[in-house]
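Structure at a glance
Listed below, chain by chain, are the residues.
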Amino acid sequence: MDNSSASVRPTANWGTMFVNAENPLPGDFSVKTRSIEKYPDRSFDERAAADLEAMLNAAADDGCPLYLVSAYRSVARQKALYERKVNFYLSKNYEPELAKEQAAKWVAAPGTSEHNLGLAADIVSAKWYNTHDDLTEEFEDTPEFEWLMAHCVEYGFVLRYPSDKTGTTGIGYEPWHYRYVGRDAAAYMKAHNLCLEELHAEQLAAG
């Protein structure tokens, strides 16, 4: 990796595309994805898929086998998941607006999830996946998490929702959620301790 990447702010591009509840994807958004090696039922943006595969393979080679829980989700799939959660709260006699608010705490509304971009991956250890029922913060206490923190930047990934940035991201700590931003952006974000919201703000300010 070029060491200059850590000092030069990357310009906005497809890898740093910003999406959250306040910045939904445009209605005409589309992305070409391809399946991931060893995970034929999971896909990723085809421009970044090779880097995801390389990271998973490198972790396995270093004795830290990982498991890809989820990757790309279509907006239609996201809509189904979100509506199912809304209906759950409606069944508990929540008012419609409150049901939507509660559902959004657990499942992003359609078009506002990074998984809809095809650039987000939920990753835990293979052992964790086989011995736990859910994704929880305790994953940080594993050698596999340590490996990801040490090496994910080399493959263009960052931990998307760090524990020290919850006030900025508006999302709780998720040690399993990794976002592809590209090697240069990842190196810059790590060097300056930035989350994607902060990088996005810098890019906007720079014009």
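Residues numbered from 1 in each chain as written. Predicted model: local features only at pLDDT ≥ 70, side-chain atom pairs only at ≥ 80, totals over all residues. Heavy atoms only, no water.

**Quick word on the side chain of Asp122**
- Within the element layout of this structure, Asp122 appears in strand β4 (residues 120-125).
- Arg73 is the oppositely charged side chain nearest to the buried, salt-bridge-free Asp122, at an N-O distance of 4.7 Å.
- A polar side-chain atom of Asp122 sits 3.3 Å from a polar atom in the side chain of His115. (Helix = DSSP H or I, 4+ residues; strand = E, 2+ residues; numbered from the N terminus. Buried < 20%, exposed > 50% of the residue type's maximum accessible area, 1.4 Å probe, protein only. Lys, Arg positive; Asp, Glu negative; His and termini not counted. Salt bridge = Lys/Arg side-chain N within 4 Å of Asp/Glu carboxyl O. Polar contact = N/O pair within 3.5 Å; in protein donor to acceptor, adjacent residues only side chain to side chain.)

**Description of the packing of aromatic side chains**
- Tallied over the full model, the rule gives ten aromatic pairs.
- Ring plane angle 15 degrees and centroid distance 5.9 Å describe the contact between Trp14 and Tyr180, whose orientation is recorded as stacked. Remark: Tyr180 occurs in strand β6 (residues 174-180) and Trp14 occurs in the segment before β1 (33-36); sequence separation between them is 166 residues.
- Using a relative accessible area of 32% as the deciding quantity, one classes Trp14 as partly exposed.
- Tyr180 gets classed as buried once you look at its relative accessible area, which sits at 6%.
- Ring geometry for Tyr39 against Tyr67: centres 5.6 Å apart, planes inclined by 80 degrees, an arrangement best described as edge-to-face. Of this pair, Tyr39 sits in strand β2 (residues 39-45) while Tyr67 sits in strand β3 (residues 66-70), and the two are 28 residues apart along the sequence.
- Through pairs of rings, three or more aromatic residues link up here, namely Trp14, Phe44, Phe157 and Tyr180.
- Above the ring of Trp14, the side-chain terminus of Arg47 is found at 4.1 Å from the ring centroid.
- Between Lys85 and the ring centre of Phe88, over which it is positioned, the NZ or CZ distance is 5.7 Å. (Phe/Tyr/Trp six-rings, centres within 6.5 Å; stacked < 30°, edge-to-face > 60°. Lys NZ or Arg CZ within 6 Å of the ring centre and 35° of its normal.)

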